[in-house]
Structures are given as structure tokens and as C-alpha cells.
Amino acid sequence: MLNILNIIKNFRYEYSNFSTTVKYLIIMEVFSSIGGGIFSFIFIFYIVNLGYSTVFYGALSSVSGFSYLLMALPIGIISSRIGSRKMLFIGSFFSIIFILIYVITSNVLLLYSGAVISGLAQAFSSPNFNSLLSKASEEKRRNFVFSFNGFVNLIGSTLGITVSGLFPSLGKFLFRNNLMGFKLALLTVLILWTISLILIRFLKDDIKIKREERKKVPREILKTMLKLTIPASLIGLGAGFVIPYFQLQFQYRFHLGISAISYIFSITTFAMAILMLFVPFLARKRGSLSTIVTFQVIAALLLLSMPFSSNLSSMGLYFFSALYFFRTILMNVTGPVQSSFELTMIPEEFRPFMSSLVSLSWIGMNSISVYFGGIIMNYSLNLPFYICASFYVTSSILYYIFFKNVIKK
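Residues numbered from 1 in each chain as written. Predicted model: local features only at pLDDT ≥ 70, side-chain atom pairs only at ≥ 80, totals over all residues. Heavy atoms only, no water.

Of the regular secondary structure elements, the protein holds 17 helices and zero strands. Scaling as 2.2 N^0.38, a compact globule of 409 residues should have a C-alpha radius of gyration of about 22 Å, and the protein matches this with 21 Å. Seen along its three principal axes, the alpha-carbon backbone of the protein occupies a region of about 60 × 45 × 45 Å. Buried residues in the protein amount to 54% of all 409 residues. (Helix = DSSP H or I, 4+ residues; strand = E, 2+ residues; numbered from the N terminus. Rg over C-alpha atoms; globule rule 2.2 N^0.38 Å. Buried < 20%, exposed > 50% of the residue type's maximum accessible area, 1.4 Å probe, protein only.)

As C-alpha cells, this is what we get:
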């Protein structure tokens, strides 16, 4: 009983008394993640229902990624001049624009333009959000701040994924048209992201370097950044072959409906959110690096096992779903701790640039593989798993080798 009380006491201490900026960023994350959960789950089905193929979906994803790739480094530099808060506002505004394009048109060229803008939105938003979150949190509690933000993100995503499976039926009921249900889902995302944008005006902290204080990135810091980008590139490259297509993996292998798939995804995301709160305690005990690498290697091995579950006749769906559940949790639950671990190695003034660089490497490689993932899937449902797992294992090994001498809890 005493141990339980101590655990509760530790939870209350570590996950309370955040700064005002952290609180507003987390509230923003609530609305952003609900919209993101809806969009990330429903968009591939929306594209297919418009009459396009998985190859076209892969092409859109690649265009978005390359748009990010071209702008990530310049934006990382610009943010230090005009401030992370303003960059976050611009990125949120672009998010609203690209969603609006997807709602009102199915024209190929306009869809591609929406993909370009979505890449810009992410390039402006993601690195600056993380940098502001890092600045507004105490170093000794940064793992907990990032994990709580990750928890909120996943709870929001769970809600978004859960309701997203209902939109096609809602469209059919209200408009006698499934496609209108998808458009209604995107409009919901638009509203949620607009609320998130409005909340930016309440942020107090900012990261902005005066002209006379600007300096070149030291050689040692650049070396650390390079070490961070290599594993991130391998993870991004591997992920593109299979992760964006998991919804269709369930549909093509087991003929599941969209609602059933959304429940599998939402249950997984909800469980991951709960477990994410415990990871900082584990990282404090075993070390951040050990926790990150161990979880990622086990996740890669589970991913490697997934194609074999399809051979188990009536039990195949249950094994495939279980492996998806544990793989997804293990691969992603350490994300906030990893972000905190990496940001702590970099001085504050260079964190937006580092975040942009790491995101650039992940998304750049992912933009290449997601296109080929759509092509390969037309010929084999299994091969993408083997390719992805091999990149994941290689990345984990290199990550450990690069940072085994870094003592960070």
C-alpha cells in the first residue's frame, strides 16, 4: 500500500506545476492531436475513395516530405531571427490552408499543391513547438514534460482515430454519400486546428536570438547533430515502406471495415498514451539511451514477425492485431524521452536548428520510401515489413554506438 501511495505522490509531483507556457502548449496539443488523429487515419481512405491509387497517396506523401526537406534548414535558421512563436503561428496557418484545399477539390494539381503546403506547415511548426516546450521546462523534469505532452497527443489522437471511423457512415446517413463523410471529417480537422492556432497568442516564452548574439554552430555540436540525423534517416526510410499503409494492410489481409480498423488503432494509441507516463521513471532508473534502444529493437523484431501471422487461418487477425499493438507501443512510447534526451545534448540557441535537421533527415528519407512503399504493396503485402525492420534494427545499433558514452538520465 505504501509503494502505491509513493507512486501516486511521485506522479502528482512530476506531472504538475508546469510553467504557463507548457500548459498552453499542451492545451494546443489537445486540439491539434484530435485533428491529427482524424486526418492521419482517414486521409488514405479519402484518397482511395476519390478514385486514386495507393501509388498516388504515396506520391502526395512524398511531395509533402520533399517540401519539408527543402525548407527545414532555412526555417531552422529563420526561426532564430524572427522567433519560434511566430514560426509556430505561420505553420499552424499553413495547416488550415492545406486542409481547406483537400476539402474543396479533387483536382490532381491542387492536391499536389496542398501536399506542398502541408510540408511547409510541418517544417514551420514541429521543430519550433518542441524547442518552445524544451525552453519552458526545467531540465531535471524535461522528460516528464515531454512525456505528458506525448500522453496528451496520444489521447487526442485516440479520440480522433475513434471518431474518424464513424464519418463515412455519417456521410452516407446524412448525404447518402460516403465521400461527404470524409469531407466532413476534414472540416472537423479544420475547426480543431483553427482553435489551436488561436491559442498561440497566449504563449509568453519565445526563442529569438539578437543579431549581435548570433554565432556559428560549434564543430562539436555539428558532429552531435550529424550523429542524430543518421539513425533518424534510417528510421524514416524504413517507416515509409509500411507504416503509412497499415490501415490498408488490415483491410487487404483481413477485409476489415474502416470502423473496425479505427478501433484497433484507437485502442493501441490509448494504451500507448497511458504507458508513456511511466517511461520517464524507467528512463531515470535504467537510463534514457538503454530504454530507447531496447524498446526499438524489440519493436523491430515484432514488426518482422507480423507477415507470418497471416498464415494462422482464423487466428491470423488476432495475432496480427496483437503484434501491431505491441510493436506500435514499443516503437513510439519512448519518443518524448528520446526528444528530451537529444535536446539536452544541444545548447538552447541551436535547438530549433537541430530539431529541423533531425526532422529533415527523417522526413526526407521517409518521402522517398513512402512512394516506393505504395508501389511494392501492389505486388507484396509482406516485403515492406522485412525492409522496414532491417532499417529499424540498423538505426538502433548505430544510435547506441553513437551515444553510449553520453550520460543523461
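The structure having been displayed, the exposition proceeds.
Another point: unusual backbone geometry. Residues other than glycine seldom take positive phi values, yet His255 does so here, at roughly 60 degrees. Relative to the helices and strands, His255 is located in the loop between helix H10 (246–254) and helix H11 (258–276).

With that out of the way, let us pick up the side chain of Ser262. Relative to the helices and strands, Ser262 is located in helix H11. Residue Ser262 is classed as buried on the basis of its relative accessible area of 0%.

It is worth spelling out the packing of helix H13 (residues 288–305) against helix H14 (residues 316–332) at this point. Closest axis-to-axis distance for the H13/H14 pair is 8 Å, and the angle between their directions is 155 degrees. As summarised for this structure, H13 and H14 are arranged roughly antiparallel, according to the angle between their axes. At the point where H13 passes H14, the crossing takes the left-handed sense. Facing Phe295, Gln296, Ile298, Ala299, Leu302, Leu303 and Ser305 of H13, the residues of H14 in contact are Leu323, Phe326, Arg327, Leu330 and Met331. Considering only residue class, the contact of H13 with H14 consists of nine nonpolar, two polar and one charged. (Axes fitted to C-alpha atoms, helices over the stretch in contact; angles between N-to-C directions. Parallel < 35°, antiparallel > 145°, perpendicular 65-115°, else oblique. Left-handed = near helix turned anticlockwise from the far one by under 90°. Contact = heavy atoms within 4.5 Å. Nonpolar A, V, L, I, M, F, W, Y, C, P; charged D, E, K, R; others polar.)

Moving on, we get to the packing of aromatic side chains. Scanning all chains against the criterion turns up 33 aromatic pairs. On the numbers, 6.3 Å between centres and 55 degrees between planes, the contact of Phe39 with Trp193 is tilted. Here the residue Phe39 occupies a position in helix H2 (residues 20–49), and Trp193 occupies one in helix H8 (residues 178–199), the gap between them amounting to 154 residues. For the pair formed by Phe39 and Trp193, the shared burial category is buried. Measuring from centroid to centroid gives 5.6 Å for Phe250 and Tyr324, while their planes differ by 90 degrees, and the two rings are edge-to-face. Linking Phe250 in helix H10 with Tyr324 in helix H14, this pair joins segments that are 74 residues apart in sequence. For Phe250, a relative accessible area of 0% corresponds to the buried category. Through a chain of ring-to-ring contacts, the aromatic side chains of Phe39, Phe43, Tyr46, Tyr57, Phe98, Tyr102, Phe182, Trp193 and Tyr245 assemble into a single cluster. If you follow Arg201 out to its NZ or CZ, it ends over the ring of Phe202, 5.0 Å from the centre. (Phe/Tyr/Trp six-rings, centres within 6.5 Å; stacked < 30°, edge-to-face > 60°. Lys NZ or Arg CZ within 6 Å of the ring centre and 35° of its normal.)

A few words on helix H5 (residues 108–135). Compared with an ideal rise of 1.5 Å per residue, which puts 28 residues at 40 Å, H5 spans 41 Å between its outermost C-alpha atoms and is within 8% of the ideal. Where H5 begins, one side-chain oxygen reaches toward the backbone nitrogen of Leu109, 3.0 Å away; that side chain belongs to Asn107. (Expected span 1.5 Å × (residues − 1). Polar contact = N/O pair within 3.5 Å; in protein donor to acceptor, adjacent residues only side chain to side chain.)

Assignment of secondary structure puts Ser95 in helix H4 (residues 84–104). Residues within four places of Ser95 in sequence aside, it is in contact with Ala121 and Trp193.

On to the environment of Leu228, then. The residue Leu228 is located in helix H9 (residues 219–239) in this model. Measuring from C-alpha to C-alpha, the distance between Leu228 and Ser355 comes to 9.9 Å, with 127 residues separating the pair along the chain. Look past the residues within four positions of Leu228 in its chain and what remains in contact with it is Glu342, Met345, Met354, Val358, Tyr399 and Phe403.

With that settled, the discussion passes to the packing of H10 against H11. Interaxial distance between H10 and H11 falls to 10 Å at its minimum, and their mutual angle equals 130 degrees. Of the possible angle classes, the one that applies to H10 and H11 is oblique. The handedness of the crossing between H10 and H11 comes out as right-handed. Contact residues: Phe246, Gln247, Phe250 and Gln251 in H10; Ile258, Ile261, Ile264 and Phe265 in H11.

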